[in-house]
Amino acid sequence: MKTLNVNLGDRSYPIFIGQDLLDDAQLFSQFATSSASFIVTNTTVEPLYADRLEASLKANGQQVIRIVLPDGESFKTWETLQTIFTGLLESNADRKATIFALGGGVIGDMAGFAAASYMRGIKFVQIPTTLLSQVDSSVGGKTGINHPLGKNMIGAFYQPIAVIIDLKTLLTLPKRELAAGLAEVVKHGAIADHLFLDWIESNAAALNNYDLSCLEHVVVKSCEIKSAVVAQDEKESGVRAHLNFGHTFGHAIETGMGYGEWLHGEAVGCGMAIAAELSVQLGYLSLEDKNRLIRIIQTLHLPTKAPQWDTSKYLSYMSHDKKAESGQIKYIVLEELGQAKVQKVDDDLVISTLKVAGAI
Ligand SMILES: NC(=O)c1ccc[n+]([C@@H]2O[C@H](COP(=O)([O-])OP(=O)(O)OC[C@H]3O[C@@H](n4cnc5c(N)ncnc54)[C@H](O)[C@@H]3O)[C@@H](O)[C@H]2O)c1
Ligand SMILES: O=C(O)C(=O)C[C@@H](O)[C@H](O)[C@H](O)COP(=O)(O)O
Ligand SMILES: [Zn+2]
């Protein structure tokens, strides 16, 4: 087992990465409390992994209660959040209760937001079971739900007390979900580490093929990159915005298509292709590097052709981006592969970029 640390002063926490960690009752002993443990999961993940987690918690004398949610991005809503609160209240969860978020990013984001707000804050542990949640969403404390007008618009920064990554859960992941996770891995290489991007390019076939040692490498590397960024800028006043590379376009696609139609990672893959084009238009990235990044995204079975919409539809969804200030959208662009920056861009250039990218 490898252990990384997210350094946030008195809210620092460990990330445990290994195989069969779900069965490691000793590891779970540190989360035993006088109160109950709540497993928040969904109808897909529960039959796969909840029994093993429950056994590890019960081995430490914990009372375990499950809250099982419907599966899908379209359920990342107020109504589902209310189901979590109802489950907690019906079981008389008190302030010492701990939530264990067992599932992908949708479960982690919602269970984390529930933990942030139930009785004004109870502890939660992230147990991510998708590649996307292992390389990205379980780390850093962004929690929340969607609004019909925009992704993750309601939420809180609220850190877990630990992240437990059982790599073997990746073996039951559908191919499309594996690819979606690889989009965020490519993002980490593109914004912060060109050597890692080279490595991803060279090992794409093994990654597509669920090679566990390659997957372990991308999980460890991604968690290292993300936790270093979060430790510097927890609430996104500066460098953390780089983690949003591809997301201004990607979130517009997810929202505009209807949540769940495009997976988050697919939209980010396509969004990175458009953001790379924007970086070329701004005179930063070479055409050759843009084409290389797009080839890597495609090799990982991710889409790079955006849906064709009216310009106003793109601009209207993008106007809700959380990086916007006084109506001006800020974009994450690449100065070169492995080096990102935040940049205000005039709508004219964004529109010509969307044209070149075939989105309008
Ligand atoms: N908080 C953050 O920093 C952050 C970062 C990136 C993404 N996100 C959010 O994460 C969400 C996307 O997360 P996701 O890609 O994990 O999607 P997801 O949570 O919808 O999971 C994808 C699918 O895989 C299923 N699943 C989960 N684990 C499985 C397993 N081991 N085997 C088989 N099936 C499994 C799920 O039930 C679901 O159907 C989006 O809502 C996105 O906004 C948040
Ligand atoms: O952790 C971050 O910061 C990120 O931006 C990671 C993204 O991959 C993730 O999709 C995040 O939820 C997007 O944040 P948002 O603030 O644009 O909703
Ligand atoms: Zn993302």
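Here the structure is a predicted model, which means the values were calculated and not measured.

> Can you break down the site of ligand 1 residue by residue, with the values?
Around ligand 1, a shell composed of 30 residues is seen, among which Thr44, Gly104, Gly105, Thr130 and Ser137 lie nearest. Grouping the amino acids of the shell around ligand 1 by side-chain chemistry returns seven nonpolar, 15 polar and eight charged. Residue assignment places the shell around ligand 1 across two domains, with domain 1 (2-172) and domain 2 (175-356) each supplying three or more.

> Outline helix α3 (residues 78-90), listing residues and values.
The end-to-end C-alpha distance of α3, which contains 13 residues, comes to 18 Å, matching closely the 18 Å that a straight helix rising 1.5 Å per residue would cover. Within α3, the full set of buried residues consists of Leu81, Ile84 and Leu88. Down the axis, α3 shows its buried residues gathered within 55 degrees of arc, on one side only. Along α3, exposed side chains directed more than 90 degrees from the buried face belong to Glu79, Gln82, Thr86, Leu89 and Glu90. Asn92, located one to two residues past α3, shows a positive phi value of around 55 degrees.

> Give a detailed account of the domain arrangement of the protein chain, specifying residues and quantitative values.
Partitioning the protein chain into domains gives domain 1 (2-172) and domain 2 (175-356). With 31 residues of domain 1 at the interface, the matching set in domain 2 holds 31 residues. Listed by contribution, the elements that provide at least two residues to the side of domain 1 that touches domain 2 are β1 (2-6), β2 (13-18), α5 (131-137) and β8 (150-157). Sorting elements by how many residues they give to the side of domain 1 that touches domain 2 places α5 first, with five residues. When grouped by side-chain class, the residues that make up the side of domain 1 that touches domain 2 number 16 nonpolar, ten polar and five charged.

What counts and how
- Residues numbered from 1 in each chain as written.
- Chains lettered and ligands numbered in written order.
- Predicted model: local features only at pLDDT ≥ 70, side-chain atom pairs only at ≥ 80, totals over all residues.
- Near = placed C-beta within 6 Å.
- Nonpolar A, V, L, I, M, F, W, Y, C, P; charged D, E, K, R; others polar.
- Domains from an automatic or database assignment.
- Helix = DSSP H or I, 4+ residues; strand = E, 2+ residues; numbered from the N terminus.
- Expected span 1.5 Å × (residues − 1).
- Buried ≥ 20, exposed ≤ 12 C-beta atoms within 10 Å, placed from the backbone.
- Arc of directions from axis to C-beta.
- Contact = placed C-beta atoms within 7 Å.

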